[in-house]
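Notes for the structure review
Here is how the chains run, residue by residue.
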Amino acid sequence: MDQPPLSVEPLLTMTGIAKHFGGVMAVQDVDLTLGRGEVVAIVGDNGAGKSTLIKVLTGVHVPDEGVITLEGRQVSITSKRASQALGIEAVYQDLGLVDTLDAAGNVFLGHELKRYILGIPFLRNARMAEEAARVLKENVGIELEDITVPTHNLSGGQRQAVAIARAIYNTDLKILVMDEPTAALGPEETRNTLKLMRRLKDQGISLIVISHNLDHVFAVADRVMVMRGGRVAATLDCKSSTKQDVLAHIIAATDGNVAA
Amino acid sequence: MAIAASASVGRANRRREVPWIERYINILGPLVMILTLCLVMAFADPRFFRVQNIMIILQDASIYMVLAMGMTLVITGRGIDLSIGSVAALAAVVMAMLIKDVGVNVYVAMLIAVLVGLACGFMNGFVITKLRVPDLIATLSMDLVFRGFALVLAAGVVLARFPDPLVWLGRGRVFEVVPVAAIVGITVLVIGFVIYRYTPLGRYAVAIGGNTEAAVLTGIDVTRHKMFQYMLMGGLAGLAGVMLTGRLNAIQATAGMGLTLHTIAAVVVGGTTLFGGRGSMAGSLVGVLLLSMVVNALVLLRLDFFWQQVAAGVIIITSVAFYAALQDPGKGGVSGLVRRLGGGAR
Ligand SMILES: Nc1ncnc2c1ncn2[C@@H]1O[C@H](COP(=O)(O)OP(=O)(O)OP(=O)(O)O)[C@@H](O)[C@H]1O
Ligand SMILES: [Mg+2]
């Protein structure tokens, strides 16, 4: 079993993960480690099993085989809720926002601030708007001109920021999983999202990012894991390798198993 | 009009800005129709504006106000309740028989009517959440069930002449002017407004209607909230049945047939979308008033009942088409509409 060198005990380890759909082996014998505040990128061709792997982590799929440990303890992640309870959140472009609610409504969804009058819970809308604006500004680095517009009217990057703000605010967020976070964004929003990822890393949050764009990968990631045919083709250190190295592993015809 | 983007937000993928008008369009739309109607009536029949007539309109609108409150919440939660007319009839028949045949105290009987409505709402909610029958089919079927019970109970009899408190609720006037029923209706809608805006019940109706999956993921108990929405709707339908009985001072099992669609129409005209996730109590109030004013105008103009039906249909289609046009991103929403109409300012 090849493992990249780690200075401290890893935050997360996934070992020997396998998942098949009928006859398709979507993921097979995959190992992944993630340190605190580390950014790991997963790259690979379409159908390589990237999404399936992270869905195992976020509780969407239950793996056929494999062990997951978090902070040294073995955990079983059987549902999205279980994964969230462990401090693991996934942000997809369109998932999880109620687009007819505003940013504050979304950030606090299910965890609203309330005030009880005669035992009846009333929403503290003004307070929530303030708090949401603060989290968005301080933790996510984004300022909305008008925090009361439905998120439906926000841009892709802004909506993503709202989803991340919610993840940060509501859970003791340890790991944020992002599946192609920049896929639908324009150049400026992409820059903002990359900046945001670095910001989260600085806050000690670990990131797993799936991307098809190696420029983005090298802009934020510490390590990059290349997947091919459901297996790990290579894990490379971003500092000591180049885009060409990664590309070679993505398209290589042979099953190289390279550890950094 | 150019929009200044702050430094931290990208311009590239930015969607359109929401001008203030878009937030209130659901109220402004029907208000414009109301003003148009007033303009027409100013020429066609000034009796329309007499205080007495306005009070008649309010009186007529009151029952729909009560029903619209529940319906706004139900539709926002991406549900629909097609059984409310029958619930109102069943609750009213039960109350009437308790008063006339059993001699139950009128206040107690009125309370029981509301409880009957609640029970009907509970059954709707149960069928929808536990038996997983889609809202439309469930309430359409339960409509038959509730109506059937009402018919069995009343057996074709018209029950009439009720104690004063009931009649006062239905057709009484405060200071000889303002209909009691209208005060009840507006109070119910104000409570609805508070529930919608300022309590988790309203917030979660929006969340469930807007993105059920997201609501479930954040731990919102969808079953519980749907149950609540349908039970509130049922209880209010029971109250509507009480008010209807009081107004007519008579009730029969076939009463309230048109209540359901009229209520849904008013709510939809007020900007609550049938796709769920977006609604407005204030809009529903304006929608209810618009429909009642149209019906009243047509009566004043001595147009047939059939024309009232046609008018109601046309208003609903106009409103819904209007909202659909606003939602069309290709046309740039309200700002686009305003631009196309040549008004520069947003
Ligand atoms: N729910 C599913 N049911 C059946 N097969 C699935 C399912 N999800 C994924 N697969 C299959 O598993 C394989 C891996 O898919 P996966 O979505 O993980 O790839 P990916 O690396 O994320 O690809 P892409 O870059 O296109 O998103 C594919 O062959 C896919 O068809
Ligand atoms: Mg994928």
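Residues numbered from 1 in each chain as written. Chains lettered and ligands numbered in written order. Predicted model: local features only at pLDDT ≥ 70, side-chain atom pairs only at ≥ 80, totals over all residues. Heavy atoms only, no water.

Attention now moves to the overall build of chain B. When helices and strands are tallied, chain B shows 14 helices and four strands. Across the 346 residues in chain B, those meeting the buried criterion constitute 53%. In chain B, once contacts between residues fewer than 6 apart in sequence are set aside, the share between residues at least 24 apart is 77%. Counting every atom, chain B has about 15600 Å² of accessible surface; 70% of that belongs to carbon and sulfur. (Helix = DSSP H or I, 4+ residues; strand = E, 2+ residues; numbered from the N terminus. Buried < 20%, exposed > 50% of the residue type's maximum accessible area, 1.4 Å probe, protein only. Contact = heavy atoms within 4.5 Å. Areas by Shrake-Rupley, 256 points an atom, 1.4 Å probe, with all protein chains shown as cover.)

Residues and elements named next belong to chain B. With the rule as written, the count across this model stands at three aromatic pairs over all chains. Between Phe122 and Phe126 the ring centres are 6.5 Å apart and the planes differ by 25°, which places this aromatic pair in the stacked class. With Phe122 and Phe126 both in helix α4 (residues 106–129) and four residues apart, this pair spans about one turn of that helix. (Phe/Tyr/Trp six-rings, centres within 6.5 Å; stacked < 30°, edge-to-face > 60°.)

All names here are of chain A. Not every one of the 13 residues close to ligand 1 is listed here, only the nearest: Asn46, Gly47, Lys50, Ser51 and Thr52. A distance of 3.0 Å separates an oxygen atom of ligand 1 from a polar side-chain atom of His212. Protein chains bury 61% of the 640 Å² of accessible surface belonging to ligand 1 in isolation. Residue assignment for the shell around ligand 1 shows that the elements contributing at least two residues are β2 (24–34) and α1 (50–57). Of the residues assigned to the shell around ligand 1, the class counts are four nonpolar, six polar and three charged. (Near = heavy atom within 4 Å. Polar contact = N/O pair within 3.5 Å; in protein donor to acceptor, adjacent residues only side chain to side chain. Nonpolar A, V, L, I, M, F, W, Y, C, P; charged D, E, K, R; others polar.)

Our next topic: the sheet that holds strand β5 (residues 73–75) of chain A. Residue and element names in this part refer to chain A. The strand order across the open sheet formed by four strands is β2-β1-β4-β5, and the pairing between neighbours is antiparallel. Looking along the sheet, the strands with just one partner apiece sit at the ends: β2 and β5. For this sheet, the mean inter-axis angle between neighbouring strands, taken without regard to orientation, is 30°. Looking at chain direction, strand β1 (residues 12–21) and strand β4 (residues 65–70) are connected through five bridges and run antiparallel. Note on β4: the bridge partner recorded for Ala18 is Glu65. Most of the contacts of α1 go to β1, to which it runs at about 120°, and overall it touches β1, β2 and β4. (Pairing = 2+ DSSP bridges. Axes fitted to C-alpha atoms, helices over the stretch in contact; angles between N-to-C directions.)

Residue and element names in this part refer to chain A. The residue Asp99 is located in the loop between β6 (88–91) and α3 (103–107) in this model. The class for Asp99 is partly exposed, based on a relative accessible area of 22%. In contact with Asp99, other than residues within four places in its own chain, are Pro150, Thr151, His152 and Arg159. Within the structure, the side chain of Asp99 is placed 2.7 Å from the side chain of Thr151, a separation counted as a polar contact.

With that settled, the discussion passes to the pattern of salt bridges. Side chains carrying opposite charge are able to pair once their charged atoms draw close together. Residue and element names in this part refer to chain A. Under the defined criterion, the tally for this structure stands at twelve salt bridges over all chains. Where Arg36 meets Glu71, a salt bridge forms, and the shortest distance between an N and an O atom there is 3.7 Å. Taken together, the positions of Arg36 in the loop between β2 and β3 (39–44) and Glu71 in the loop between β4 and β5 put the pair 35 residues apart, joining distant regions of the chain. Here Arg36 falls in the partly exposed class, since its relative accessible area comes to 47%. (Salt bridge = Lys/Arg side-chain N within 4 Å of Asp/Glu carboxyl O.)

Residues and elements named next belong to chain A. Here chain A is described as being made up of domain 1 (1–87 + 173–260) and domain 2 (99–170). Domain 1 puts twelve residues into the contact, and the matching count from domain 2 is 13 residues. In this assembly, domain 1 packs against domain 2 so that about 880 Å² is buried in total across both faces, 57% of it on carbon and sulfur atoms. Interface area lost by domain 1 to domain 2 is led by Glu189, Leu196 and Arg199, which between them contribute 43%. In this structure, the connection of domain 1 to domain 2 is made through zero salt bridges. In this structure, the connection of domain 1 to domain 2 is made through seven residue pairs in polar contact (both at pLDDT 80 or more). Among the secondary structure elements, those contributing two or more residues to the side of domain 1 that touches domain 2 are β9 (175–179) and α6 (187–202). Counting residues per element, the side of domain 1 that touches domain 2 draws most heavily on α6, which supplies five residues. Of the residues belonging to the side of domain 1 that touches domain 2, the class tally is eight nonpolar, two polar and two charged. (Domains from an automatic or database assignment. Buried area = accessible area lost by both parts, 1.4 Å probe.)

A separate point is empty space enclosed by the protein. All names here are of chain A. Tallied over the entire structure, the rule returns two cavities of 30 Å³ or more. Considered as a void within the structure, the second largest cavity measures approximately 50 Å³ in volume. Contributing to the lining of the second largest cavity are Ala41, Pro181, Thr182, Leu194, Met197, Val209, Ile210, Ser211, His216, Val217 and Val220. Going through the elements one at a time, α6, β10 (206–210) and α7 (214–220) are the ones with two or more residues in the lining of the second largest cavity. (1 Å grid on protein atoms, 1.4 Å probe; cavity = no way out; pocket = protein on both sides within 12 Å on 5 of 7 lines; lining within 4 Å. Points joined across faces, edges and corners; volume = space filled by probe spheres on them.)

Turning our eyes to something else, we now look at unusual backbone geometry. Residue and element names in this part refer to chain B. The phi dihedral of Ala155 falls on the positive side, at around 50°, and the residue is not glycine. Take Ala155: it is sitting in the loop between α5 (135–154) and β1 (159–160). Unusually for a residue other than glycine, Glu176 sits at a positive phi of about 65°. Counting through the fold element by element, Glu176 comes out in the loop between β2 (173–174) and β3 (178–179).

Residue and element names in this part refer to chain A. Residue position: Met197 is located in helix α6. Distance from Met197 to Leu176, taken between C-alpha atoms, is 9.5 Å for residues 21 residues apart in sequence. With residues near it in sequence (within four places) discarded, Met197 still touches Met178, Pro181, Leu207, Val209 and Val220.

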